[in-house]
Amino acid sequence: MKIGYPQALLYYKYFPLWETFFNKLGAEIILSGQTSKKILNMGAVEAENELCLPVKVFYGHLLSLVDKVDSVFIPRIVSVEKNAFTCPKFMGLPDMARAVGHQVPRIIDPVIDLRQGWKQYLDTIVGLGKELSPSRVKILSAYRAGVKSLHEYKEKTVAGVTPIDIIDNREVDDSGADIKIGLAGHPYNIYDKYTSMNLIKRMREMGVAVTTGEMIEDRVIEREAATLPKDLFWTYEREVVGTISHWSRRSSVDGIIYILAFPCGPDSLVQALLEHEMRKEKSTVPMMSLVIDEHSAEAGFLTRIEAFVDMVRRKKRLSRQKVG
Ligand code: SF4
């Protein structure tokens, strides 16, 4: 069976798990590839105008898989931990995909809802695997292999590699960089080379060492997020808050760039919360928020990045002179 896997949204978070799982069960995974102008345009034309940029991009990836696969994998991700939810877009994604029409292939949409407990979750995994194998033992073994791949992926990112460096199989040497900038935001905003305008590569070309939330251990992010006065019940937003708080409180980066997509309700709340907290804690780490949408112009975007990088550099030089 050829299973299409749109390279969008939570792909960057979970792909080692699902690719390994399906491969072990004998399916062929067909990726939709990197976002391109064509993919973005297809998605923007098809999607409702009010939808956020990452979902429009997802539509484009979905449409690019039509006629190439037997089915498409679009899990309905409701909750990945107790007492917390994902963004409502992830819960409705399979329905939105079905509504597209255009001969969208059959959609494989397991419900991932960890609020229901592990037994229910494992039943979901077995049900998913039954698409490809009648053997429960084989399915669970494929799932264990997927979890192992996911852990190995996390270990690599914690060691200082970004997901796109892993995907591109690239080694990065930033030992010559004079400043370190934390790039925050949802993985689909910061690792999608097209919509982020290749931001990671551009910053590295400016002599900046780039660090991201995936390089921090989950328990550290969770600990930081738990200290905030407002308990966020969106898992992925809490990760962003925990990441930025970690950098800001320890001054472990020279500056922070937070990438948000337009129009994202959860992110706009998180942005206001973070700015308030950083002011209250008298953080000395400068932070810039940048909103991207399908009309973002590369020149204006990069000018703002360059101006921020210059400012961070100047600030670091001045504080060194003062210490000297
Ligand atoms: S969190 Fe924001 S950007 Fe992400 S899918 Fe939801 S609305 Fe879109």
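Since we're looking at a predicted model, the values are computed, not measured.

Caption draft 1: Quick look at the overall build of the protein chain. Along the protein chain, the regular secondary structure elements total 13 helices and 10 strands. A compact globule built from 324 residues should have a C-alpha radius of gyration of about 20 Å, and the protein chain, at 20 Å, falls within 12% of that. Each principal axis of the C-alpha atoms in the protein chain carries an extent, and together these give about 70 × 40 × 35 Å. Relative to its 324 residues, the protein chain shows a buried fraction of 54%. Counting only contacts in the protein chain whose residues sit at least 6 apart along the sequence, the fraction spanning at least 24 positions is 73%. Counting only carbon and sulfur atoms, one obtains 53% of the accessible surface of the protein chain, whose full area is about 15300 Å². Positive and negative side-chain charges in the protein chain, numbering 44 and 41 respectively, have mean positions lying 3 Å apart.

Caption draft 2: Molecular detail of the site of the ligand. Around the ligand sit Cys52, Pro54, Cys87, Lys89, Phe90, His186, Tyr188, Glu237 and Cys264, and those are all the residues in its vicinity. Each of two domains, domain 1 (2-157) and domain 2 (174-323), supplies a minimum of three residues to the shell around the ligand.

Caption draft 3: View of the pairing of strand β1 (residues 2-5). Note that β1 and strand β2 (residues 28-31) share four bridges and pair parallel. Each bridged residue has a counterpart across the sheet, and for isoleucine 3 the counterpart in β2 is isoleucine 29. Since β1 and β2 lie parallel, the crossover through helix α1 (residues 11-24) that links them has a hand, and here it is right-handed. Bridge count between β1 and strand β3 (residues 71-73): two bridges; the pairing is parallel. Of the residues in β3, the one forming a bridge with glycine 4 is valine 72.

Caption draft 4: The arrangement of the sheet that holds strand β7 (residues 179-184) in detail. Pairing within the open sheet is parallel, and its four strands lie in the order β8-β7-β9-β10. One side of each edge strand has no neighbouring strand; the edge strands of this open sheet are β8 (208-212) and β10 (287-292). Taking each pair of neighbouring strands and ignoring which way they run, the sheet shows an average axis angle of 25 degrees. Relative to β8, β7 runs parallel, the two being bridged by five bridges. Within the sheet, the bridge partner assigned to glycine 182 lies in β8 and is threonine 211. Strands β7, β8, β9 (255-261) and β10 of the sheet are contacted by helix α11 (residues 235-250), whose axis makes an angle of about 165 degrees with β9. Seen against the sheet, helix α12 (residues 265-280) touches β9 and β10 and runs at an angle of roughly 160 degrees to β9.

Caption draft 5: Structural detail: the environment of proline 54. Within the secondary structure, proline 54 is located in helix α3 (residues 53-65). Relative accessible area serves as the criterion here: at 6%, proline 54 is assigned to the buried category. When near neighbours in sequence (up to four residues on either side) are disregarded, proline 54 contacts Leu9, Tyr188, Asn189 and Ala261.

Caption draft 6: Layout of helix α10 (residues 218-226). All buried positions along α10 are accounted for by Val220, Ile221, Glu224 and Ala225. All buried residues of α10 fall inside an arc of 130 degrees around its axis, so they share one side. Opposite the buried face of α10, at more than 90 degrees from it, the exposed residues are Asp218, Arg219 and Ala226. Here the buried face of α10 lies against α11.

Caption draft 7: Region of interest: the domain arrangement of the protein chain. Domain annotation of the protein chain identifies domain 1 (2-157) and domain 2 (174-323). Taken over C-alpha atoms, the centre of domain 1 sits 27 Å from the centre of domain 2. Counting from both sides, the interface comprises 27 residues of domain 1 and, opposite them, 26 residues of domain 2. Summed over both sides, the interface of domain 1 with domain 2 buries roughly 2300 Å², with 61% coming from carbon and sulfur. Here domain 1 and domain 2 share four salt bridges between them. Here lysine 13 and glutamate 239 are joined by a salt bridge, their closest N and O atoms 2.8 Å apart. In this structure, the connection of domain 1 to domain 2 is made through 13 residue pairs in polar contact (both at pLDDT 80 or more). For the side of domain 1 that touches domain 2, the elements supplying multiple residues, two or more each, are α1, α2 (37-46), α3 and α6 (136-158). At four residues, α3 tops the list of elements feeding residues into the side of domain 1 that touches domain 2. Counted by class, the side of domain 1 that touches domain 2 contains 15 nonpolar, six polar and six charged residues.

Caption draft 8: The nonpolar core, seen in detail. By size, the foremost hydrophobic cluster in this structure holds 81 residues, and its most contacted members are Trp18, Phe21, Ile257 and Ile305. In terms of domain composition, this core takes at least three residues from each of domain 1 (2-157) and domain 2 (174-323). Look past the residues within four positions of isoleucine 305 in its chain and what remains in contact with it is Leu199, Met203, Met206, Ile257, Met288 and Leu290. Membership of the second largest hydrophobic core comes to 20 residues, among which are Ala184, Leu228, Leu273 and Met278.

Procedures and definitions
- Residues numbered from 1 in each chain as written.
- Predicted model: local features only at pLDDT ≥ 70, side-chain atom pairs only at ≥ 80, totals over all residues.
- Heavy atoms only, no water.
- Helix = DSSP H or I, 4+ residues; strand = E, 2+ residues; numbered from the N terminus.
- Rg over C-alpha atoms; globule rule 2.2 N^0.38 Å.
- Buried < 20%, exposed > 50% of the residue type's maximum accessible area, 1.4 Å probe, protein only.
- Contact = heavy atoms within 4.5 Å.
- Areas by Shrake-Rupley, 256 points an atom, 1.4 Å probe, with all protein chains shown as cover.
- Lys, Arg positive; Asp, Glu negative; His and termini not counted.
- Charge placed at Lys NZ, Arg CZ, Asp CG, Glu CD.
- Near = heavy atom within 4 Å.
- Domains from an automatic or database assignment.
- Pairing = 2+ DSSP bridges.
- Right-handed = clockwise from strand over helix to strand, strands pointing away.
- Axes fitted to C-alpha atoms, helices over the stretch in contact; angles between N-to-C directions.
- Arc of directions from axis to C-beta.
- Buried area = accessible area lost by both parts, 1.4 Å probe.
- Salt bridge = Lys/Arg side-chain N within 4 Å of Asp/Glu carboxyl O.
- Polar contact = N/O pair within 3.5 Å; in protein donor to acceptor, adjacent residues only side chain to side chain.
- Nonpolar A, V, L, I, M, F, W, Y, C, P; charged D, E, K, R; others polar.
- Core = buried A, V, L, I, M, F, W, Y, C linked by side-chain atoms within 4.5 Å.

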